[in-house]
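Okay, here's what each chain looks like letter by letter:
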Amino acid sequence: MYGTQSKRDLALEFQSQIPILRPSIHARRANLTVKFQDLYGFTVEGNVDDVNVLNEVREKVRQQGRVWWALEASKGANWYLQPSISEGQSLKASLKLSAMANAITLKRLIRKGIPPVLRPKIWFSLSGAAKKKSTVPDSYYNDLTKAVEGKVTPATRQIDHDLPRTFPGHSWLDTPEGHATLRRVLVGYSFRDSDVGYCQGLNYVAALLLLVMKTEEDAFWMLAVLLENVLVSDCYTTNLSGCHVEQRVFKDLLAKKCPRIATHLEALEFDVSLVATEWFLCLFSKSLPSETTLRVWDVLFYEGAKVLFHVALAIFKMKEEELIHSHHVGDVINILQKTTHHLFDPDELLTVAFDKIGSMTTNTISKQRKKQEPAVMAELDQRLRRLNSLKLDDK
Amino acid sequence: MSYDYLFKYIIIGDTGVGKSCLLLQFTDKRFQPVHDLTIGVEFGARMVTIDSRPIKLQIWDTAGQESFRSITRSYYRGAAGALLVYDITRRETFNHLASWLEDARQHANPNMSIMLIGNKSDLAHRRAVSKEEGEQFAKENGLLFLEASARTAQNVEEAFIKTAAKILQNIQEGVFDVSNESSGIKVGYGRPQGPSGARDGAVAQRGGCCG
């Protein structure tokens, strides 16, 4: 139960409409916890310093917007939506060169953040969602939601149970309209891929996609491209095998990139899955503040799933000294949870993630995954057999 | 605050049976019908006094959906007590108890004390599992048993405290080697005379974590 201290009682309510948050001098002096809504309508609790950081972040978002507009002015609108180099085989050499230059500019630019107004368009195009949608008839999503209306499955029952438990208190998500919209997206997807059906965690991912994308249909396609192309496969299937693989790859990466931390945590018998399960399944949406999460997603949709490792490693790296002085598994989890909840400045995290972790290619990560898969499958198989024999005993 | 012992508890059971609500009722004495879904690990902590000894309970709460059960192995490690929860209004949550127990036996300390809780006793008009069935299951499997309500707080306090009393009894009977942290028990600072074996080997620790 993170952050349920009595400080909450002292919380001051801030109106969401106020663009710049101005904590009172009293709040400053008393070092009170204040409650306010962030850019995406989430209620945030933090101290006065956190409020100031968020104000700075808003200003940086505005500045970053100006950079994007300036580039549009010089390179033409939608320059970033041009085919990537690999697809443009038949392009002339000069065009190839400009495409390459654009790709380099774009990578750097995206790591610095996509302005919120451009996110729907850029995510949709760069993630491959647009392409995925273009391969089926225009009416696909409408037909799907109509066809599954009123159907009851274990997945729909679980979805109904989880709707009110998805970011409760959010100004739009936690309304009848928000619930109904999120339900259509999740139920629709559970029928599109019955191997996945519905897995807890997807509710958070889909909810945040709904807040960013302009339409629920686009949110649906973003969810589809994430699960089918961006993330490792089988991340959300019944035994979460893909997620197990990612945890093992992550454990090895931690040992390689942050050996001091890994050695210490091993001695405490701390297993990374205690914190990383939530990170990998909710793609940080339940752990990091919203703008920080979306900045991670900006890069995720352009550079792929390896980004999740960069970010997860960065969180450990940022707290190296504290972590190696921790004595218990509980302390470790507390440090990491507190850190993620308060990462209001996305650049603080992303700078570490991309400048201090060292490069990791998608290729090496794929090899790591291949290496871990047999062990994961064997372990899951063993568990299944154990539980099956239990069922036989009962008969 | 100093304590004689720190016990690690885990709460297990199907999704939606009220694990997080039981925890919140115990630690904060309030009921929050709508709360965030638990995916990773959440903590709660509270001091209790048993036989005039201050004991700190550190309670771990996690996801209940079937697929997550393949991940929670490290969650069981070092737990001295477990609350195994089902919902008296949903039969299937009772039917799954055996496989939860199997996971617990596989991953937890064999001496872990387990309290079976039939939650949502305030919804007795929608009851799908009788109290006798709960009692019977507990008896067959050597578990403590209570029906409780996280909403009205009925038996919530008792569930946590009776489990702690059982653990304490086990310590006094020498069932646990408290010098070994995998027992889920830590010995605190300023502890008065305790059972032999605990005094010499145990590392005195102040519980710095989890509030």
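Residues numbered from 1 in each chain as written. Chains lettered and ligands numbered in written order. Predicted model: local features only at pLDDT ≥ 70, side-chain atom pairs only at ≥ 80, totals over all residues. Heavy atoms only, no water.

(A) Representation of the overall build of chain B. When helices and strands are tallied, chain B shows seven helices and seven strands. From first element to last, N terminus to C terminus, chain B shows the α and β order β-α-β-β-α-β-α-α-β-α-β-α-β-α. By the burial criterion, 61% of the 211 residues in chain B qualify as buried. With the model as given, the accessible surface of chain B reaches about 8200 Å², and the carbon-plus-sulfur share is 46%. (Helix = DSSP H or I, 4+ residues; strand = E, 2+ residues; numbered from the N terminus. Buried < 20%, exposed > 50% of the residue type's maximum accessible area, 1.4 Å probe, protein only. Areas by Shrake-Rupley, 256 points an atom, 1.4 Å probe, with all protein chains shown as cover.)

(B) Inspection of a nonpolar patch on the surface at higher detail. Together, A:Leu97, A:Met100 and A:Ile104 line one region of the surface with nonpolar side chains, adding up to about 300 Å² of accessible area. With respect to the element layout, A:Met100 can be found in helix 3 (residues 93-111). (Patch = residues over 30% accessible without salt bridge, like charges linked within 9 Å, V, L, I, M, F, W, Y side chains within 5 Å. Salt bridge = Lys/Arg side-chain N within 4 Å of Asp/Glu carboxyl O.)

(C) Representation of unusual backbone geometry within the structure. Of note in this structure, A:Asn78 is not a glycine but carries a positive phi near 65°. Note that A:Asn78 resides in the loop between helix 2 (48-75) and helix 3. Unlike most non-glycine residues, B:Ser52 shows phi in positive territory, near 55°. Among the secondary structure elements, B:Ser52 is positioned in the loop between strand 2 (42-50) and strand 3 (53-61). Classification of B:Ser52 as exposed rests on a relative accessible area of 69%.

(D) Quick look at the environment of B:Asp87. All names here are of chain B. Locating Asp87 in the fold gives a position in strand 4 (residues 81-87). Here Asp87 falls in the buried class, since its relative accessible area comes to 1%. Linking Asp87 and Gly13, residues 74 residues apart in sequence, is a C-alpha distance of 9.0 Å. Excluding residues within four positions of it along the chain, Asp87 makes contact with Gly16, Val17, Thr93, Asn119 and Lys120. Of the polar contacts made by the side chain of Asp87, one reaches the side chain of Lys120; its length is 3.1 Å. (Contact = heavy atoms within 4.5 Å. Polar contact = N/O pair within 3.5 Å; in protein donor to acceptor, adjacent residues only side chain to side chain.)

The values are spatial; any link to function lies outside them.
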